[in-house]
Amino acid sequence: MDRFSSTTTTIPFAFHGAKDDITMQFSLIWTQIKAPLIVPLLRISVFLCLIMSVMMVIERVYMGIVISLVKLFGRKPEKRYKWEPIKDDIELGNSCYPMVLVQIPMYNEREVYQLSIGAACGLSWPSDRIIIQVLDDSTDPTIKELVQVECQRWANKGVNIKYEVRDNRNGYKAGALKEGMKHSYVKQCDFVAIFDADFQPESNFLWRTVPFLVHNSELALIQARWKFVNADECLMTRMQEMSLDYHFTVEQEVGSSTYAFFGFNGTAGVWRISAMNEAGGWKDRTTVEDMDLAVRASLKGWKFLYLSNLQVKNELPSTFKAYRYQQHRWSCGPANLFRKMVMEIIKNKKVSLWKKIHVIYNFFFVRKVVAHINTFVFYCIVLPATVLVPEVVVPKWGAVYIPSVITLLNAVGTPRSLHLLVFWILFENVMSLHRTKATIVGLLETSRVNEWIVTEKLGDALKVKAGTKALKKPRFRIEDRIHLLELGVGMYLFFIGCYDVMFGKNHFFIFLFIQALAFFIMAFGYVGTFIPNS
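The residue numbering used here restarts from 1 in each chain and proceeds along that chain's sequence as written. Only residues with pLDDT of at least 70 are given local features in this predicted model, and only at 80 or more are side-chain atom pairs given and counted; all residues enter the totals for whole chains, interfaces and linings. Hydrogens and waters are ignored; side-chain quantities use all the structure's heavy atoms.

Q: Would you mind going over the confidence of the model for the protein in detail, with residue names and values included?
A: Summary of the metric used: pLDDT quantifies the predictor's per-residue confidence within the range 0 to 100. Taken residue by residue, the protein gives an average pLDDT of 84. The fraction at 70 or more is 81%. Residue contacts follow a heavy-atom distance rule, with two residues in contact if any of their heavy atoms lie within 4.5 Å. Residue range residues 3-8 is modelled with pLDDT below 50. Its contacts to residues more than four positions away, or to other chains, number zero contacts. In this model residues 519-534 is a low-confidence stretch, pLDDT under 50, and it forms 40 contacts with partners more than four residues away in sequence or in other chains.

Q: How would you explain the nonpolar core if you had to name every residue and give the values?
A: Nonpolar cores were defined as sets of buried Ala, Val, Leu, Ile, Met, Phe, Trp, Tyr and Cys residues, with membership established by side-chain atoms within 4.5 Å. Only protein chains enter the accessibility calculation, which uses a 1.4 Å probe; a residue is then buried when its area is under 20% of its type maximum, exposed when over 50%, and partly exposed in between. Residues Ile117 and Trp271 are the most contacted members of the largest nonpolar core, which totals 93 residues. We count a stretch as a helix when DSSP gives it H or I for four or more residues in a row; a strand needs E for two or more, and each element gets its number in order from the N terminus. Here the element with the most residues in this core is strand 5 (residues 219-228); it accounts for seven residues. Those residues in contact with isoleucine 117 that sit more than four places away from it in its chain are Ile104, Met106, Val134, Val147, Glu150, Cys151, Trp154 and Ile161. The next biggest cluster of nonpolar side chains, apart from the first, holds 23 residues, and it includes Cys49, Val370, Phe378 and Ile402.

Q: Help me get a handle on the pattern of salt bridges, residues and values and all.
A: By definition here, a salt bridge exists when the distance from a side-chain nitrogen of Lys or Arg to a carboxyl oxygen of Asp or Glu is within 4 Å. If you walk through the whole model with that rule in mind, you get 16 salt bridges. Arginine 225 is the salt-bridge partner of aspartate 245, the closest N and O atoms lying 3.4 Å from each other. Here aspartate 245, found in helix 7 (residues 235-258), pairs with arginine 225, found in strand 5; they are 20 residues apart in sequence, far enough to count as distant. Note on aspartate 245: relative accessible area 7%, which makes it buried. Two residues, lysine 340 and glutamate 445, come together in a salt bridge whose shortest N-O distance is 2.5 Å. Here lysine 340, found in helix 10 (residues 320-347), pairs with glutamate 445, found in the loop between helix 13 (421-444) and helix 14 (461-471); they are 105 residues apart in sequence, far enough to count as distant.

Q: How would you sum up helix 10? Please name residues and give values.
A: The terminal C-alpha atoms of helix 10 lie 41 Å apart, and with 28 residues this matches the ideal 40 Å at 1.5 Å per residue to within 8%. Consider a residue and the seven residues that end there alongside the seven that start there; fitting an axis to each set, the bend is the angle between those axes. Methionine 341 marks where helix 10 bends most, by close to 50°. Here the expected span of a helix is defined as 1.5 Å times the quantity of residues minus one.

Q: Would you mind going over the packing of helix 7 against helix 13 in detail, with residue names and values included?
A: A fitted line through C-alpha atoms represents every axis, and for helices the fit uses only the stretch in contact; the resulting angles, taken between N-to-C directions, go from 0 to 180 degrees. Look at helix 7 against helix 13: their axes get within 10 Å of each other, and the N-to-C directions meet at 85°. In terms of their interaxial angle, helix 7 and helix 13 are classed as roughly perpendicular. Where helix 7 abuts helix 13, its residues Leu235, Met236, Met239, Met242 and Ser243 lie against Leu421, Phe423, Trp424, Phe427 and Glu428. Roughly parallel means an angle under 35 degrees; roughly antiparallel means over 145; roughly perpendicular covers 65 to 115; every other angle is labelled oblique.

Q: Kindly report on the UniProt feature "transmembrane region" (unreviewed entry) in the protein, identifying the contributing residues and their values.
A: Taken from the UniProt record, the annotation "transmembrane region" (unreviewed entry) applies to residues 44-70, 369-389, 401-427, 482-502 and 508-531. Across residues 369-389, helical content stands at 86% and strand content at 0%; the span's end C-alpha atoms are separated by 28 Å. Taken end to end, residues 401-427 is 67% helix and 0% strand, and its first and last C-alpha atoms sit 19 Å apart. UniProt positions are given in the numbering used here, feature names are shortened, and annotations may be inferred rather than shown by experiment.

Q: Can you lay out helix 9 (residues 289-299) for me, pointing to particular residues and giving the numbers?
A: Within helix 9, 11 of the 11 residues are buried, which leaves it mostly tucked inside the rest of the structure. Those residues of helix 9 that fall on the buried side of the exposure criterion are Glu289, Asp290, Met291, Asp292, Leu293, Ala294, Val295, Arg296, Ala297, Ser298 and Leu299. Contact partners of the buried residues in helix 9: helix 5 (172-180), strand 6 (269-272), helix 8 (273-279), strand 7 (303-314), helix 10 and helix 11 (353-386). Just downstream of helix 9 lies glycine 301, where phi reads positive at about 100°.

Q: Talk me through the packing of aromatic side chains; I want residue IDs and the actual numbers.
A: Stacked, edge-to-face and tilted labels apply to pairs of Phe, Tyr and Trp rings (six-membered ring for Trp) whose centres lie within 6.5 Å, assigned for plane angles under 30 degrees, over 60, and everything in between, in that order. Counted under the stated rule, the structure contains 19 aromatic pairs. Relative to tryptophan 207, the ring of tryptophan 125 has its centre 4.7 Å away and its plane inclined at 50°; by these criteria the two rings are tilted. You can see tryptophan 125 sitting in the loop between helix 3 (113-121) and strand 2 (130-136) and its partner tryptophan 207 sitting in helix 6 (residues 205-215), a full 82 residues away along the chain. A residue is classified by how much of its surface remains accessible, and tryptophan 125, at 7% relative accessible area, is buried. Taking the relative accessible area as the measure of exposure, tryptophan 207 reaches 29% and is therefore partly exposed. Between tryptophan 226 and tryptophan 330, the ring centres sit 6.4 Å apart and the planes meet at 55°, which makes this aromatic pair tilted. One end of the pair, tryptophan 226, is in strand 5; the other, tryptophan 330, is in helix 10, with 104 residues separating them in the sequence. By relative accessible area, tryptophan 330 is classed as partly exposed at 31%.

Q: Report on the sheet that holds strand 5, specifying residues and quantitative values.
A: Pairing between strands requires that DSSP locate at least two bridges from one strand to the other. What the seven strands build is an open sheet, ordered 3-2-1-4-6-5-7; its pairing is mixed. Only two strands of the sheet have a single neighbouring strand rather than two, namely strand 3 (161-164) and strand 7. Taken pair by pair, the neighbouring strands of this sheet meet at an average axis angle of 20°, ignoring direction. Direction of pairing for strand 5 relative to strand 7: parallel, over a ladder of nine bridges. Within the sheet, the bridge partner assigned to isoleucine 222 lies in strand 7 and is leucine 305.

Q: Tell me about the pairing of strand 4 (residues 191-194), residues and numbers included.
A: Neither face of strand 4 is exposed, since Phe191 and Ala193 on one face and Val192 and Ile194 on the opposite face are all buried. Alignment of strand 1 (residues 100-106) against strand 4, held across four bridges, turns out to be parallel. In the sheet register, glutamine 103 faces strand 4, and the bridge partner there is isoleucine 194. Taken together, the four bridges between strand 4 and strand 6 define a ladder with antiparallel strand orientation. Looking across to strand 6, one finds that isoleucine 194 is bridged to glycine 269.

Written out as C-alpha cells, the structure is:
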C-alpha cells in the first residue's frame, strides 16, 4: 500500500517537472531568436503592410471622390452617349431592328431553369429578330430532359428558342459560350445578351440596352446592375450584399465614367458580337472568362457602359460552402489573368498610358491582389503577432484610422446595413484567408488554378428553405465545425490585434472583455448564416 502511494505521488511531480522543462526550453529558444530574427522580420512585415494599406486607402478615397463628382455633376448615360428608341420603318418592317442572340449557359440547374428560360422568353423584342439559346451542360439526365421539355414548351408558343448541348464540358462556361457562337444561325446576329441561370431580366431589358449599341459604334458592352432577391435571407447574404453593392455602386460606375472600362460580370450584359470577335472571342485559360474578354476588348480600343439604374434580379449563395467556392474562383481567376496579361497590357499601343495604369494598378494590382493579401496578413497575422513582441510598434493611423476610412467608404454602397458593419468587418476578415490562398494559387498558377465548382442556386426553393429553417434546428456537420473554427480563430486574432494597438499590453480586464466579445460575435454571426432574418 505504501509502495502504491509513493508511486502515485511521484508521477504528478515527474509530469510537472517535464512540463516545466519543456516550457523553459521554449522560453529559451524564443529569447534566443526573438531579437535577431523575429523582431526584424515583424518590423519588415509591418512596414510592407502599412505600404499596402496606404495603397488601398488612396485607391478607395480616389474612387470616393470620383463617384461623388459623378453623382453631383456627372451626366447620365443617355447624355454621355446617344440614345433614342429604334424607330419603326414601314418599308423595312422588323428588319430595321438588329438581330439579338440571348444566351443562357446552365449546368444541372434544377431549381432555376424555368425562371431563367421564362424570363429570357419574356423579353420584349420583335419575335423574328431574337433568338434564345439555352446552352445546357447538365450531366444529370433527368435535369437535361426537364430543360429540353421546357425549351420545347416555349417553342410551341412561337418563341425562337434553341436547345444546344455538347458531348463534353471543356472550358466550362467559357467553352459552352464559345461553342454556342459557332452555330450557323448566330452569324445573322448583331448583339448577344448573356444571362446566368439564376438571372431574371425585366421584359424591357433589350429596349433599354440595345439602342446604346446601335447609335454608338464605339461601344462594345452594356452592363446592367445586379439586384439580389435573397439579400435578406440570412446574415451571410447581408454581408455579401454589402461587398457587392460597393462593387456595383462605386467600382463599376467609376470605371465606366472615367475610363469607359470595367470588368464584365459575366452576366446581365449585352455585347457587340463584332467586338467580341475582334478581341478573340471566349477563352478558357482562366476561371474569369468574362474579365478576360473585357480586358482584351478594351485593349482593342472598345468602350464599355455601365447602367446603374437597370437592375437584373439574381440570387446570392446562401451557404458558406457555396460562397467559399465562388470566392475562390473570383479571387484566383483575376490574379491568374493579371499574371498572363500584364505584359500584353504594358506593350499595347491602342490605349492611353492613364488607362494602362488604371487597368494594371487600380483594377488588378490593388483590388485583386493587394486588398486580399493585406487584409489577411496584416489583420490576422502581423497585428496579433505584435502582442508577443512589444519591441514592434504599429502606428494607430495604420491599424485604426486607415481601416476605419476604408470600411466607412465601403459601407456607402449599402446604407441600410450600417448597423451590421462590425459583422461585415469580421466576416471579410475571415474570408480574406480563403481569398489570399486563392490569389496566391492564381499568381503561382498551381494545380487548383482552374478549379470550377458551379455555385448552388435555389430559385423558388428559397421560400421553402427559409420556412424549413424557421422550423428546424440547424444541424452542424464536421465541415461546418471546421468553418466555425476558422471564423473563431480569425476573429479572435483580429480583436487581439486591435486591443494591442488601441490599449497597449497592460489592460488585462479590457483584454478579457475583447476576447469574450470576439467569441460572442463569432458564434452569433456563424449561427446567423443558418437562420433567416425575421
